[in-house]
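Below, each chain spelled out in residue letters.
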Amino acid sequence: MAVTRTALVSGANRGIGFEIVRQLARLGILAVIGARDTREGLAAAETLKPEGIDIPVVALDVNEEGSAARAVAEVKRIYGRLDILVNNAAILIDAPGGFKASLFDLTSDTLRRTMETNLLGPVRLIQAAAPLMREQAYGRIVNISSGAGQLSDMGSGYPAYRMSKTALNALTRIAASELGGGDIKVNAMCPGWVRTEMGGPDADRSPEEGADTAVWLATLPDTGPTGGFFRDRKPIAW
Ligand code: NAP
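Counting restarts for each chain, with residues numbered from 1 along the sequence as it is written. Predicted model: local features are reported for residues with pLDDT of at least 70 only, side-chain atom pairs are reported and counted for 80 or more only, and whole-chain, interface and lining totals are derived from all residues. Remark: hydrogens and water are excluded; side-chain values derive from all non-hydrogen atoms of the structure.

### Re the sheet that holds strand S2 (residues 30-35)
Heads up, the condition is: The pairing criterion is simple: DSSP has to find at least two bridges between the two strands. Secondary structure follows DSSP: runs of H or I at least 4 residues long count as helices, runs of E at least 2 residues long count as strands, and numbering of each begins at the N terminus. Contacts between residues were defined by any pair of non-hydrogen atoms, one from each residue, lying within 4.5 Å. Whenever a helix is involved, its axis is fitted only over the stretch in contact; in every case the axis is a line through C-alpha atoms, and angles between N-to-C directions fall within 0 to 180 degrees.
Strand order in the open sheet made by the eight strands is S3-S2-S1-S4-S5-S6-S7-S8, with mixed pairing throughout. Each of the sheet's edge strands pairs with one partner strand only, and the pair in question is strand S3 (57-59) and strand S8 (234-235). Here helix H3 (residues 67-79) sits on the sheet and contacts strand S1 (6-9), S2 and S3; the angle it forms with S3, its principal contact strand, is near 150°.

### Some details on the pairing of S1
Just so we agree on the cut-off: Exposure is judged per residue with a 1.4 Å probe applied to protein chains only, and the accessible area is read against the type maximum: over 50% gives exposed, under 20% gives buried, and values in between give partly exposed. By convention, a crossover is right-handed whenever its connection, traced from the first strand over the helix to the second and viewed with the strands pointing away, goes clockwise.
Burial of the side chains of S1 extends over both faces: Thr-6 and Leu-8 are buried on one face and Ala-7 and Val-9 on the other. Judged from the four bridges that link them, S1 and S2 form a sheet pairing that is parallel. Counted as the bridge partner of Thr-6 is Leu-30 from S2. Traced from S1 through helix H1 (residues 15-26) to S2, the parallel crossover comes out right-handed. Pairing of S1 with strand S4 (residues 84-87) involves three bridges; the strand directions are parallel. In the sheet register, Ala-7 faces S4, and the bridge partner there is Ile-84.

### Brief notes about the packing of H1 against helix H6 (residues 207-218)
Pairs of packed helices are described in terms of their axes, by the angle between the two and the distance that separates them. Definition in use: Comment on the angle field: the value is read as roughly parallel under 35 degrees, roughly antiparallel over 145, roughly perpendicular from 65 to 115, and oblique elsewhere. Take the far helix as your reference; a near helix turned counterclockwise from it by less than a right angle gives a left-handed crossing, and one turned clockwise gives a right-handed crossing. Asp, Glu, Lys and Arg are counted as charged, while Ala, Val, Leu, Ile, Met, Phe, Trp, Tyr, Cys and Pro are counted as nonpolar; the rest, among them Gly, fall into the polar class.
The N-to-C vectors of H1 and H6 enclose an angle of 55°; their axes lie 8 Å apart at closest approach. If you check the angle between H1 and H6, you find them oblique. Read as a crossing pair, H1 and H6 show a hand that is right-handed. Here Ile-16, Glu-19, Ile-20, Gln-23 and Leu-24 of H1 lie close against H6, whose contacting residues are Pro-207, Glu-208, Gly-210, Ala-211, Asp-212, Ala-214, Val-215 and Ala-218. Taken together, the residues that form the contact of H1 with H6 break down as eight nonpolar, two polar and three charged.

Limitation: the analysis is restricted to geometry and does not speak to function.
What follows is the structure, encoded as structure tokens:
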């Protein structure tokens, strides 16, 4: 009998993470909302009920030591396994000027907080999920990265965010290499510029479009790629 897959998505109370959960659930995957404020997670889950989708919420603050391990353990308690991990939670706090923020205005605090959430968060979640995925001999890890982290197209603006996404890409390669062998696939993706709180109202993509490649990577067949970086379901340069 085919196994029903389960998924944990960080930062899934809103934006692209929420849309990834919705799309996974529509495919019949038992997706779980990871949210640092569980009330917001529950409010998001409530909006899916009219579709007949009932999603559990687990507390997950990727900055908090131990939270990732507790969230993974909670998914295992609810569903008995964890097949898919989507590292979606992230912050963009470069200032002043947001996307125009200069390296020469960057404070240690901004860089430290950005790396904590955007890099250390995914490290913690991968470390927590990998033993279970190894035991199951199955796993799909998707790191929501950004074109802003591409070394091949690196430029000025929001330096802390850029560096954190380049580092997340490095983590993708390292984890894919250590977990390689076919059963566990680790890939990074760029959703494009998406209309969320982070992307703002002028972005050219809907959350539905932004989530598509992540969902595709989360459900790759055994013959699918690992250690890659994708946008619109196609490989892009690191
Ligand atoms: P968003 O609307 O700002 O949502 C970010 C999510 O991350 C929220 O659920 C937020 O939770 C959560 N989060 C932040 N810090 C957290 C923490 N310490 N622990 C747990 N959750 C935390 O952003 P988005 O646009 O959906 O972005 C999703 C992903 O896509 C991010 O990785 C982002 O870098 C990437 N991305 C976005 C765009 C874009 O144009 N939007 C482009 C390229 C890449 P709270 O509600 O509690 O704050």
